[in-house]
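Chain by chain, the residues run as shown.
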Amino acid sequence: PVSSCHLLLRTLLDCGYLYSLGRRKLYYPTRRLYDVARSIAVHDALIEELRPVLTSLRDRSGETVILGKRQGDAVLYLDVLESAKTVRYTARAGEYKPLHSSAIGKALLGALPPKELDAWLGARPLQRVTPHTLATAAQLKLNLQQGRKRGTFVTRGENVIDVTAVAASLALDNEAFGIAIAGPLHRMEPALARHAELLRAAVSRITGGRAR
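So, here is what we can say about the structure in this document. Nothing here was measured: the structure is a model prediction, and the numbers come from that model. (Residues numbered from 1 in each chain as written. Predicted model: local features only at pLDDT ≥ 70, side-chain atom pairs only at ≥ 80, totals over all residues. Heavy atoms only, no water.)

What follows covers the side chain of Thr 130. With respect to the element layout, Thr 130 can be found in the loop between helix H5 (114-123) and helix H6 (137-150). By relative accessible area, which is 7% here, Thr 130 ends up buried. Within the structure, Thr 130 has its side chain in polar contact with the backbone oxygen of Gly 157 (distance 2.5 Å). Beyond its immediate stretch of four places on either side in the chain, Thr 130 contacts Gly 157, Glu 158, Asn 159, Val 160 and Ile 161. (Helix = DSSP H or I, 4+ residues; strand = E, 2+ residues; numbered from the N terminus. Buried < 20%, exposed > 50% of the residue type's maximum accessible area, 1.4 Å probe, protein only. Polar contact = N/O pair within 3.5 Å; in protein donor to acceptor, adjacent residues only side chain to side chain. Contact = heavy atoms within 4.5 Å.)

Now the structure itself:
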């Protein structure tokens, strides 16, 4: 409602989070809003704990590293450490990606008990994100079974054309998370086995450190 909107705007103005521009009453955020958001991000205990391992994984792989968690039928990117290379996979924390077409999504689906996975696959259509997206339950289930055997899950142009990603899942405080290495297909494919090894080592480092 307009009246509620005005009250919220007035509160934000009074608290210094917005300022108005011109007679048309355009509103724009002040730096105070940014400072609050930055403070929240800096003091995220989980990100602070995992950041050294994720940074090392980014530096050793030379590609973009992503931490994600399932939110409904999507993956929410919690942290993104982009590659320093000019041509790279780019994304932002806070973005959502489909479970069935993203590497982290596959890793999280692959970690589900078989009956729960079958129920999920049978309850919803799989939309094509690119021409390479696995859009049938049979295709995706077979792909996930192969990923479970390897311990890592791969997407090849299924979420973003010309991008390959490899991911693995891990449990932290009884919550499922996923970590992925993503980059241009032409660089990722020749190094995929090495990236998978680096990824498994990073997951072991995180879970092993917590076990101690």
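Additional details are given in the paragraphs that follow.
Let us look at the side chain of Thr 64. Relative to the assigned elements, Thr 64 resides in strand S3 (residues 64-71). Reaching out from Thr 64, the side chain makes a polar contact with the backbone nitrogen of Ser 83 at a distance of 3.1 Å. Those residues within four positions of Thr 64 in sequence are excluded, and the remaining contacts are Val 80, Leu 81, Glu 82, Ser 83, Arg 88, Tyr 89, Ala 180, Ile 181 and Ala 182.

With the exception of glycine, most residues fall at negative phi, and the peptide bonds are largely trans. Even without being glycine, Asp 162 reaches a positive phi, approximately 70 degrees. Looking at Asp 162, the relative accessible area reads 53%, which means it is exposed. The backbone of Asn 174 shows a phi angle near 65 degrees, a positive value even though the residue is not glycine. Mapped onto the fold, Asn 174 is located in the loop between strand S7 (163-172) and strand S8 (175-184).

This is a description of form; function is not addressed.
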